[in-house]
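# Examining the three-dimensional arrangement
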Amino acid sequence: QVQLVESGGGLVQAGGSLTLSCAASGRTFSNEGMGWFRQAPGAEREFVAAISWSGAHTIYADSVKGRFTISRDNAKNTVYLQMNSLKPEDTAVYYCAARFGYYSGSYYLADYDYWGQGTQVTVSS
C-alpha cells in the first residue's frame, strides 16, 4: 500500500521558516516526479513546487519563487519543502504528491497519482 506522509507543519510568525517533509512508503518514487500543493480555507488546491526524479529540475509557483525550495533524498524516499520568509497568505494545508511513471514534476493536480493527508501551516501576522 502506497503512503505519503507529510510532517513539519505548525504555527510560525510572519518572516519565519518551516521545513516540510514527505516520506513515501509502499514503493519507491526515486524515478518519479514529486510535488507540493496547498489549499487554504475556501480555496482550491494550488500548485506550490515540483521536482524531477533526480532533483536536477525544479519548478515553482510565482507566489513562492525565491522563498521556498523543494528538494529530495531518494535514499530516504523523502521530499522536502524549505519555506522561508513566510507570509500570512502562505497559511494553508500543504499536500505532498507523487506521479507514477514520469520523471518530471508537473504544475497540474491531475498529473499526480498519489497524495498525502496534508499538514497544516499557519503563519501569523
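Keep in mind that what you see is a predicted model, and the values were worked out from it rather than measured.

Our next topic: the state of the cysteines. For the structure shown, the criterion picks out one disulfide. Linked covalently through their sulfurs, C22 and C96 form a disulfide whose S-S length is 2.0 Å. Its torsion about the S-S bond being -75°, the disulfide of C22 and C96 is classed as left-handed. Pair noted here: C22 is in strand β3 (residues 18-25) and C96 is in strand β9 (residues 92-98), with a separation of 74 residues, a long-range link. The buried category is assigned to C22, whose relative accessible area is 0%.

As a further point, take the side chain of E32. The topology assignment puts E32 in the loop between β3 and β4 (34-39). Exposure remark for E32: the relative accessible area of 6% places this residue in the buried category. In this structure the side chain of E32 is engaged in a polar contact, spanning 2.7 Å, whose partner is the side chain of R27. Polar contacts involving the side chain of E32 include one to the main-chain amide nitrogen of G101, which spans 2.9 Å. In contact with E32, other than residues within four places in its own chain, are R27, S52, W53, R72, R99, F100, G101, Y102 and Y103.

Reading guide: rules and limits
- Counting restarts for each chain, with residues numbered from 1 along the sequence as it is written.
- Local features in this predicted model are restricted to residues of pLDDT 70 or higher, and side-chain atom pairs are both shown and tallied only at a pLDDT of 80 or more, whereas totals for entire chains, interfaces and linings draw on every residue.
- Excluded from the side-chain calculations are hydrogens and water; all other atoms, namely the structure's heavy atoms, are used.
- By convention in this document, the label disulfide applies to cysteine sulfur atom pairs within 2.5 Å.
- Strands here mean DSSP runs of E at least two residues long; helices mean DSSP runs of H or I at least four residues long; both are numbered from the N terminus.
- Burial here depends on accessible area, computed with a 1.4 Å probe over protein chains only, as a share of the maximum for the residue type. Under 20% is buried, over 50% is exposed, and the range in between is partly exposed.
- Polar contact is the term for a pair of N or O atoms within 3.5 Å; when the atoms are in protein, one must be able to donate a hydrogen and the other to accept it, and sequence-neighboring residues count only if both atoms are side-chain atoms.
- Should any heavy atoms of two residues lie within 4.5 Å, those residues are considered in contact.

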